[in-house]
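A closer look at the structure
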Number of protein chains: 2
Amino acid sequence: MHRTKIRVAEDALDANETIARANRDDFDRAGVAVVNLMSAPGAGKTSLLERSLAELDGVRAGVLEGDVQGSMDADRIAALHVPVTQLNTDAGFGGECHLDANMVRSAIPSLALDEIDLLVIENVGNLVCPAEFDVGQDVRAMVYSVTEGEDKPLKYPVMFRSADVVVVNKIDLLPYLDVDMGLFEANLRAVNPAVTVIEVSAKTGAGIDAWCQWLTSSRRRRLVDTRTGPAEAPVNPR
Amino acid sequence: MHRTKIRVAEDALDANETIARANRDDFDRAGVAVVNLMSAPGAGKTSLLERSLAELDGVRAGVLEGDVQGSMDADRIAALHVPVTQLNTDAGFGGECHLDANMVRSAIPSLALDEIDLLVIENVGNLVCPAEFDVGQDVRAMVYSVTEGEDKPLKYPVMFRSADVVVVNKIDLLPYLDVDMGLFEANLRAVNPAVTVIEVSAKTGAGIDAWCQWLTSSRRRRLVDTRTGPAEAPVNPR
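Here we summarise the structure given alongside this text. Predicted model only: the values in this text are computed from it and were never measured. (Residues numbered from 1 in each chain as written. Chains lettered and ligands numbered in written order. Predicted model: local features only at pLDDT ≥ 70, side-chain atom pairs only at ≥ 80, totals over all residues. Heavy atoms only, no water.)

1. Considering the sheet that holds strand β7 (residues 196-199) of chain A
Residues and elements named next belong to chain A. Applicable threshold: Only strands joined by at least two bridges in the DSSP assignment are considered to pair. Where helices and strands are cited, they refer to DSSP runs of H or I of at least four residues and of E of at least two residues respectively, numbered from the N terminus. Under this scheme, a helix contributes an axis fitted over its contacting stretch, all axes are lines through C-alpha atoms, and angles between N-to-C directions fall in the 0 to 180 degree range. Contacts: residue pairs with any heavy atoms within 4.5 Å of one another.
The seven strands lie next to each other as β3-β2-β4-β1-β5-β6-β7, forming an open sheet whose pairing is parallel. The strands lining the two open edges of the sheet, one partner per strand, are β3 (84-88) and β7. Ignoring strand direction, the axes of neighbouring strands in this sheet form an average angle of 20°. Against the sheet, helix α2 (residues 45-53) engages β1 (33-39), β2 (61-67), β4 (118-122), β5 (139-145) and β6 (165-169), with an angle of about 170° to β2. Most of the contacts of helix α7 (residues 181-191) go to β6, to which it runs at about 160°, and overall it touches β5, β6 and β7.

What follows is the structure, encoded as C-alpha cells:
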C-alpha cells in the first residue's frame, strides 16, 4: 500500500517534469524569463509585486496568479495595468495546495507571451508542495516574512533549498519583534549556503530597488544563458 | 486522466475517514479530548501552546507534533515537561504537507492516552490540505496571525470554514500594521458565520486565559457529548 502510494507520487513527478520542459521550451521560444514566486500565506508576495512591477524599467512584466480560489490578487495586479491571468486550483479535491506544470500549461494560451519579457508566477501560499513541482520557471524566488520566526528554514528545508533568492519582507516590523535575524540567516545558510538574500519592506519600499535589480537580472540571465549568448555579462550569474 | 486522478483522491479520502473513525474510537475509549491545531507557517501554534499548556488547571495535556522534518517544536514542548510525540511527514516524496489519519494512528501507541485528558495535535503549517484530512479530532482550532492580511478567509475558505475556533494571534503587533480587523472578521464570518474568535498575544499573554478556557471546555464537551451524559453543561456547545 505504502509502496503503491510512493510509486504514484513518483509517476506524477515524472509526468510533471515532462510538462515543465514543454513549458520551458515555450517560454524560451518567446524570450520570456520566468520567476516562480513562493511563500507562506500572508508573507507578502502580492504586496511585493504591487511595489515592484511599477518600478521595473524597460521590462514588460506579466503575472500568473495561482490561488485555491478567487481572484483578489489578480484584481490587485490588474489595477496596475499589468497583464495578469488567474489560475485557480480548486478543481482538485478541496483545492490543490500548489501549482503544477500542467496547470501552468493550461494558462499559456492566455498569457500573450509575445507582449512580455518577464513572467512572474505567483504560487499558492504554502511552504511545502510548491517547492516540489517544477512549473517550467527559470528561477525560484521565495518571500519570507520576519514575523514567521527564525526556525523556518530548518522546518521547511526543501522550500528554502529550492530558492535562488530569499526576499526577507516586513523588515519595518523588526523593532517590534524578538526575532534574531542572525539566527535566521544561519539557519538559512545551513540549508542553502549560496542563496541570495534581499531584505525589503513592501510597505515602506525599503530594498525594493535591489529586488527589482534581481528581477531585471533574471531576465538578462535568461537572454545570456539560452538565447543571444554572452554579449552582455550577467549581473548575478548562477 | 483527470477523472482517474479525482477517483484516486476520493479513494484516499474515503480510506482516511475509516482510519479517522478508528482513531476517534480509541480517543473516546481513553476519555481523551482531541484538538487538531492548524495554521500557516509561523502563525505561532507552538508559542501559543508554550504559553497555554502551563496555564491549564486540572487538565493533563499531551501534544502530538506534526512537522515535515526535525523535532524543534517537540523539544520546546518537552522542556515544559508536557508529554510529546514527534511525527515527521518526510517519508512521503519531499515531505507531506499535512497530517492524515494514518500518520496519527501510527503515533497512538506512543501517546500514553491513559495519562492525559487532552491531546493537542499540532498539524503541519499549511492553510490548505490539513483542513481536508480528518485525523480523528473532536474539534479543529486554527491560529491566524494578524500579520497575514485581511483576505485569508476568502483565499483559504476550506480551512477557515473547518475551524471551530479561530485564535487571532500577535495582536500586540496591531499598532504597527495597516490591517483592518473589521474587514478580516467580515471575511471570516462570510465563510464561517458561527465560529468562535479569541484574540491573543502568545508574546504578552493577552487573551491566553480565554483560549485556555476554550481548551478546557473542549474537554468538558467531549465528556458531556460522548461519555458521561449531560451532568455538566457545556461552556461552548456546538
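2. Considerations on the pattern of salt bridges
Here is the rule: Note on definitions: salt bridges are taken to be side-chain nitrogens of Lys or Arg within 4 Å of carboxyl oxygens of Asp or Glu. Relative accessibility decides the category of a residue: with a 1.4 Å probe and only protein chains considered, values under 20% of the type maximum give buried, values over 50% give exposed, and everything between is partly exposed.
Enumeration according to the criterion identifies 22 salt bridges over all chains in this entry. Two residues, Asp26 of chain B and Arg105 of chain B, come together in a salt bridge whose shortest N-O distance is 3.1 Å. Of this pair, Asp26 of chain B sits in helix α1 (residues 2-30) while Arg105 of chain B sits in helix α4 (residues 101-107), and the two are 79 residues apart along the sequence. Among the residues examined, Asp26 of chain B registers a relative accessible area of 19% and is labelled buried. In this structure, a network of salt bridges that share partners links the residues Glu50, Asp67, Asp73 and Arg76 of chain A together with Lys155 of chain B.

3. Quick notes on the interface of chain B and chain A
The condition that has to hold: The quantity reported as buried area is the accessible area (1.4 Å probe) lost by two parts once they are put together, taken as the sum for both.
Across the boundary between the two partners, chain B contributes 43 residues, which contact 43 residues of chain A. Interface of chain B and chain A: buried area, both sides summed, is about 3,600 Å²; carbon and sulfur atoms make up 62% of it. Taken together, the connections running from chain B to chain A amount to six salt bridges. Between Asp73 of chain B and Lys155 of chain A there is a salt bridge, and its shortest N-O distance comes to 2.4 Å.

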